[in-house]
Amino acid sequence: MLTERLIGGFVAAFGAVLLLVLIPMEVSDMRGPVNPALFPKAAAWLILLLGVVQILATARTSQDASPMELVRLVILAALVLGGILIMPVIGFLPTAVLMMAAVAAMMFERRLGWIAVTVIAVPAVTFTLFDIVLERPLPPMPY
């Protein structure tokens, strides 16, 4: 129970840091149909609110995470860091496909339909929405 509330607190604090420090510092305002800070701010608000929900909705009878779940979390965090580091080198689409495959594997997903949607459709729709529809460039593929 305490572990889940601590995680919720860290998530809520991270969302607040995004909203109050990182997004204003790193995202510039531009004129156009969509403000570039719109999606980062929406994601930061969602992170903050979900952290608060985690704090408030934790059941009193919940169990702490097992050591194996902690190992999976550390592996997933390392994969995300690796994805951040290779995205400028290989581009958004290949990195997003690899990252979504890693997430599906870490969640032990076995249904092929969901794996296909996760690994192929989510990166393709994200790329189409941001790069083509909103004309907000994502890291390009070098080839």
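## Some details on the domain arrangement of the protein chain
Line of reasoning, step 1. On domain assignment, one finds that the protein chain holds domain 1 (2-55) and domain 2 (67-133).
Line of reasoning, step 2. If you average the C-alpha positions of domain 1 and of domain 2, the two centres end up 20 Å apart.

## Focus: the environment of A42
Line of reasoning, step 1. Counting through the fold element by element, A42 comes out in helix α2 (residues 38-57).
Line of reasoning, step 2. Owing to a relative accessible area of 44%, A42 belongs among the partly exposed residues under this scheme.

## With respect to the packing of helix α4 (residues 92-106) against helix α5 (residues 112-133)
Line of reasoning, step 1. For the pair α4 and α5, interaxial distance at closest approach is 8 Å and the crossing angle is 145 degrees. The hand of the α4/α5 crossing is right-handed. Residues F92, L93, A96, V97, M100 and A101 of α4 lie in contact with α5, whose contacting residues are T118, V119, V122, P123, A124, T126 and F127.
Line of reasoning, step 2. Its residues placed into classes, the contact of α4 with α5 shows eleven nonpolar, two polar and no charged.

## A look at α2
Line of reasoning, step 1. For α2, spanning 20 residues, the distance from its first C-alpha to its last is 28 Å, which sits close to the expected 28 Å at 1.5 Å a residue.
Line of reasoning, step 2. Those residues of α2 lying buried are A44, L48 and G51. Each buried residue of α2 sits inside an arc of 60 degrees when the element is viewed along its axis, so together they form one side. Among the exposed residues of α2, those pointing more than 90 degrees away from its buried face are L46, L50, L56 and A57.

## As for the layout of surface pockets
Line of reasoning, step 1. In this structure, the largest pocket spans a volume of roughly 960 Å³.
Line of reasoning, step 2. Forming the walls of the largest pocket are 19 residues, and the residues nearest its centre are P40, M87, F92, F130 and L138.
Line of reasoning, step 3. The element best represented in the lining of the largest pocket is helix α3 (residues 67-90), accounting for five residues.
Line of reasoning, step 4. Each residue belonging to the lining of the largest pocket can be placed in one class, and the counts come to 16 nonpolar, two polar and one charged.
Line of reasoning, step 5. Split by domain, the lining of the largest pocket shows at least three residues from each of two domains, domain 1 (2-55) and domain 2 (67-133).

## Here's the deal with α3
It helps to recall that an α-helix has 3.6 residues per turn; residues three or four apart then point in one direction.
Line of reasoning, step 1. Taking 1.5 Å of rise per residue, 24 residues should cover 34 Å, and α3 covers 34 Å from first to last C-alpha, within 8% of that figure.
Line of reasoning, step 2. Backbone geometry just after α3 places G91 at a positive phi near 100 degrees.

## Notes on the nonpolar core
Line of reasoning, step 1. With seven residues, the main nonpolar core is built from A12, L18, L19, I23, A37, A44 and L48.
Line of reasoning, step 2. Mapped by element, the contributors of at least two residues to this core are α1 (2-26) and α2.
Line of reasoning, step 3. Counting residues per element, this core draws most heavily on α1, at four residues.
Line of reasoning, step 4. Not counting the four nearest positions on each side in its chain, L18 is found in contact with I23, P24, A44 and I47.

## Brief notes about the packing of α3 against α4
Line of reasoning, step 1. Interhelical geometry of α3 versus α4 gives an angle of 170 degrees and a closest axis separation of 8 Å. Taken together, the axes of α3 and α4 lie roughly antiparallel to each other. Counted together, R72, I75, L76, L79, V80, G83, I86, M87 and I90 of α3 and F92, P94, T95, L98, M99, A102, V103 and M106 of α4 form the full contact between these two elements.

Rules behind the numbers
- Residues numbered from 1 in each chain as written.
- Predicted model: local features only at pLDDT ≥ 70, side-chain atom pairs only at ≥ 80, totals over all residues.
- Heavy atoms only, no water.
- Domains from an automatic or database assignment.
- Helix = DSSP H or I, 4+ residues; strand = E, 2+ residues; numbered from the N terminus.
- Buried < 20%, exposed > 50% of the residue type's maximum accessible area, 1.4 Å probe, protein only.
- Axes fitted to C-alpha atoms, helices over the stretch in contact; angles between N-to-C directions.
- Left-handed = near helix turned anticlockwise from the far one by under 90°.
- Contact = heavy atoms within 4.5 Å.
- Nonpolar A, V, L, I, M, F, W, Y, C, P; charged D, E, K, R; others polar.
- Expected span 1.5 Å × (residues − 1).
- Arc of directions from axis to C-beta.
- 1 Å grid on protein atoms, 1.4 Å probe; cavity = no way out; pocket = protein on both sides within 12 Å on 5 of 7 lines; lining within 4 Å.
- Points joined across faces, edges and corners; volume = space filled by probe spheres on them.
- Core = buried A, V, L, I, M, F, W, Y, C linked by side-chain atoms within 4.5 Å.
- Parallel < 35°, antiparallel > 145°, perpendicular 65-115°, else oblique.

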